[in-house]
Amino acid sequence: PDEAAKSLRLGKSQKTGHYRISILVTRHDKHTDPFFSELIEAIRSEINQHMCIFANIWFEQSFSDEDEAEKMNIKKVVNDLYNDGKTDGLIIIGKCLPKVISELKSKWKNIVSVNRNSTNNEVDEVICDGAKIASKAVNHLIRLGHRKISYIGECRNESRFKGFQETMLMHNIEMNLDYIFQAKASENDGYSAMERIIKLSNRPTGIYCSSGIIAIGVLKALSKFSNRYYNPSVISSDDISEAKYTKPMLTTLSLPKKEMAKYAVYLLVDKLNYGHKSVTKIEVESTLVIRNSCNPLNNSDYIEYCIWYFGFAFQNISSVYRNKNLQQLGSHG
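The notes below deal with the structure included here. Along each chain, numbering runs from 1 in the same order as the chain's sequence is written. Note on the predicted model: pLDDT of at least 70 is required for a residue's local features to be given, and 80 or more for side-chain atom pairs to be given and counted; whole-chain, interface and lining totals, by contrast, use all residues. Side-chain numbers here rest on the full set of heavy atoms in the structure, without hydrogens or water.

Section: the nonpolar core
Put simply, the test is: Residues belong to one nonpolar core when they are buried, are Ala, Val, Leu, Ile, Met, Phe, Trp, Tyr or Cys, and are joined through side-chain atoms within 4.5 Å. Accessibility here uses a 1.4 Å probe with only protein chains present; expressed as a share of the type maximum, an area under 20% marks a residue as buried, one over 50% as exposed, and anything in between as partly exposed. Going along the chain from the N terminus, every DSSP run of H or I of four or more residues is numbered as a helix, and every run of E of two or more is numbered as a strand. Should any heavy atoms of two residues lie within 4.5 Å, those residues are considered in contact.
Judged by nonpolar contacts, the single largest core of 51 residues is most densely connected at Ile43, Ile91, Ile93, Phe164, Tyr208 and Met260. The element best represented in this core is helix H10 (residues 257-272), accounting for eight residues. In this structure, phenylalanine 164 is in contact with Ala134, Val138, Ile149, Ser150, Tyr151, Met175, Ile180 and Tyr208, ignoring residues within four places of it in sequence.

Re the packing of helix H4 (residues 74-84) against helix H5 (residues 98-107)
Just so we agree on the cut-off: Orientation is described by lines fitted to C-alpha atoms, with helices fitted over the stretch in contact, and by angles between N-to-C directions that extend from 0 to 180 degrees. For classification, angles of less than 35 degrees are called roughly parallel, those exceeding 145 degrees roughly antiparallel, those between 65 and 115 degrees roughly perpendicular, and all remaining angles oblique. In this scheme the crossing of two helices becomes right-handed for a clockwise turn of the near helix relative to the far one and left-handed for an anticlockwise turn of less than a right angle. Residues are grouped as follows: Ala, Val, Leu, Ile, Met, Phe, Trp, Tyr, Cys and Pro are nonpolar; Asp, Glu, Lys and Arg are charged; every other residue, Gly included, is polar.
The geometry of H4 relative to H5 is characterised by a closest axis approach of 10 Å and an angle of 40° between their N-to-C directions. Here H5 runs oblique to H4, going by the angle between their axes. As for how H4 packs across H5, the hand of that crossing is right-handed. Contact with H4, carried on its side by Ile74, Lys75, Val78, Asn79 and Tyr82, involves Lys99, Val100, Glu103, Leu104 and Lys107 of H5 and no other residues of that element. Classifying every residue of the contact of H4 with H5 gives five nonpolar, one polar and four charged.

Notes on the sheet that holds strand E2 (residues 53-59)
Going by this rule: Any two strands with at least two DSSP bridges between them are considered paired.
Taken together, six strands build an open sheet; the order of strands is E2-E1-E3-E4-E5-E11 and the sheet is parallel. Of all strands in the sheet, those bounded by a partner on one side alone are E2 and strand E11 (281-283). Averaged over neighbouring strand pairs, the angle between their axes works out to 15° when direction is ignored. Contacting strand E1 (20-25), E2, strand E3 (89-93) and strand E4 (111-115), helix H2 (residues 34-49) crosses the sheet at an angle of about 170° to E1.

So, the packing of aromatic side chains
Which entries qualify depends on this criterion: When the centres of two rings from Phe, Tyr and Trp lie within 6.5 Å, Trp using its six-membered ring, the rings pair. Their planes under 30 degrees apart give stacked, over 60 give edge-to-face, and anything left gives tilted.
Tallied over the entire structure, the rule returns seven aromatic pairs. Ring centres of tryptophan 58 and tryptophan 108 lie 6.0 Å apart, and the angle between their planes is 55°; on these two criteria the pair is classed as tilted. Here tryptophan 58, found in strand E2, pairs with tryptophan 108, found in the loop between H5 and E4; they are 50 residues apart in sequence, far enough to count as distant. Given a relative accessible area of 9%, tryptophan 58 falls into the buried group. Owing to a relative accessible area of 2%, tryptophan 108 belongs among the buried residues under this scheme. Between the aromatic rings of tyrosine 82 and tryptophan 108, the centroid separation amounts to 5.1 Å while the plane-to-plane angle is 85°, which identifies the pairing as edge-to-face. Note that tyrosine 82 is positioned in helix H4 and tryptophan 108 in the loop between H5 and E4, a separation of 26 residues in sequence.

Description of the pattern of salt bridges
Two side chains carrying opposite charge are able to pair once their charged atoms lie near each other. The criterion, for reference: By definition, a salt bridge exists where a carboxyl oxygen of Asp or Glu is found within 4 Å of a side-chain nitrogen of Lys or Arg.
Using the criterion set out here, one finds 15 salt bridges in the structure. The residue aspartate 239 makes a salt bridge to arginine 291 at a minimum N-O spacing of 3.1 Å. Placement of aspartate 239 in the loop between strand E9 (233-238) and strand E10 (251-254) and of arginine 291 in the loop between strand E12 (287-289) and helix H11 (297-323) is noted, with a sequence separation of 52 residues between them. Note on aspartate 239: relative accessible area 15%, which makes it buried. Sharing partners across several salt bridges, the network here consists of Lys132, Lys136, Glu283 and Glu285.

Digging into H2
Here is the rule we go by: Expected span, for any helix, means 1.5 Å times one less than how many residues it has. In protein, a polar contact requires one atom able to donate a hydrogen and another able to accept it; more generally it is a pair of N or O atoms within 3.5 Å, and residues adjacent in sequence count only if both atoms are side-chain atoms.
Here H2 is 16 residues long and its end C-alpha atoms lie 23 Å apart, about the 22 Å a rise of 1.5 Å per residue gives. Among the residues of H2, those classed as buried are Pro34, Phe35, Phe36, Leu39, Ile40, Ala42, Ile43, Glu46 and Ile47. Its side-chain oxygen placed 3.0 Å from the backbone nitrogen of phenylalanine 35, aspartate 33 serves as the N-cap of H2.

What about the sheet that holds E10?
Two pairing modes exist for strands in a sheet, parallel and antiparallel, and in both the strands are linked by backbone hydrogen bonds. Taken together, the six strands give an open sheet; going across it, the order is E7-E6-E8-E9-E10-E12, and neighbouring strands pair in mixed fashion. This sheet does not close on itself; its edge strands, each paired only once, are strand E7 (180-182) and E12. Within this sheet the neighbouring strands show an average axis-to-axis angle of 15°, counted without direction. As judged from the three bridges shared by strand E6 (residues 149-153) and E7, these two strands associate in the parallel manner. Note on E7: the bridge partner recorded for tyrosine 151 is isoleucine 180.

Thoughts on the environment of alanine 243
Inspection of the secondary structure puts alanine 243 in the loop between E9 and E10. Put simply, alanine 243 and isoleucine 213 are 30 residues apart on the chain and 8.6 Å apart in space, counted from C-alpha to C-alpha. Not counting residues up to four positions away in its chain, the partners in contact with alanine 243 are Met249, Leu250 and Arg291.

Overview of unusual backbone geometry
A cis geometry characterises the amide bond from lysine 247 onward to proline 248, with omega recorded as -5°. One can find proline 248 in the loop between E9 and E10. In the Ramachandran plot, asparagine 120 falls in the positive-phi region, its phi being about 60° despite a non-glycine side chain. For asparagine 120, a relative accessible area of 61% puts it in the exposed group.

Regarding empty space enclosed by the protein
Just so we agree on the cut-off: Cavities and pockets are found on a 1 Å grid laid over the protein atoms alone: a cavity is a set of points where a 1.4 Å probe fits but cannot escape, a pocket is an open set with protein on both sides within 12 Å along at least five of seven lines, and a lining residue has an atom within 4 Å of such a point. Grid points are joined across faces, edges and corners, and a volume is the space filled by probe spheres set on the points.
Under the defined criterion, the tally for this structure stands at two cavities of 30 Å³ or more. The computed volume of the largest cavity comes to approximately 80 Å³. In terms of lining, the largest cavity is formed by 15 residues, of which the most central are Arg27, Glu154, Arg160, Ala185 and Ser210. Here the lining of the largest cavity is composed, by residue class, of five nonpolar, three polar and seven charged. If you add up the space inside the second largest cavity, you get close to 30 Å³. Along the walls of the second largest cavity sit Phe35, Phe36, Leu39, Ile93, Gly94, Val114, Asn115, Arg116 and Met260, which together make up its complete lining. Among the elements of the structure, H2 and E4 are those that each provide at least two residues to the lining of the second largest cavity. With three residues, H2 is the single largest residue contributor to the lining of the second largest cavity. Broken down by class, the residue content of the lining of the second largest cavity amounts to six nonpolar, two polar and one charged.

Fair warning: the whole summary comes from geometry, so function is off the table for now.
In structure tokens, the structure reads:
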């Protein structure tokens, strides 16, 4: 019998090549957040580069949500996934609950996580630390003079929210709970959060969005409810492809998605080839990409001052014309 065909049927690969690899996305489905779509494509390309077989892709958002996970039989779901396509290795994209990782490890011996949240040495991982990403974003806003800063994104067990909190504390800036908005990585959630911000009497001057797709929703809301008296600076994570085409163009923290994909597949193939045994972590850094959506606070203060001053002056002039005789004013030139 053909050993290669037999290996594929049994879900096992020959030691010398063509490992079968599956991808598990645990945050959102492929239609919600472009960041994951771009990362998935980069990983699939790397799998092909290593002459391996891309076998399956699953989307299980509940694996990152405590409330949703409580409602399901995790062991059964993981078992069904494994039986759906027995593969040599698994790549997890997105945050994954510890109890889910434990079940996945009982089925797959070779797992790599690609994420902004660490698995705390449960499996091999490639991360771009979410706390550091948020810190860079908030520090950029603070350098521009902003102190009334809003956070829009996931808050529960989220490294980016932790980084936001720590950076505000480091600069002795009190967090205003009215500026914190729990939001999933979707354009609709970003739009809704911005609608609520616009209604505030004391609005933030800087807004950090934990993902690019949230920021796009924020900018669309600002565009629809355009107000020349309120133009907050907006910054986000991820640098998705749409960030270059927003109005204004989005200032963001770029994650090296191609490098993350490259290292993830490398670690998995190396482990499959018995190259390393211990849990290994590779960390890559984000890069600040400055565009047009962030401005120094002093500039916006000056514009607001000019608007106030000329409005005040106009009211005084109107009052003069109302209270004095026009002929008297004419005689004085």
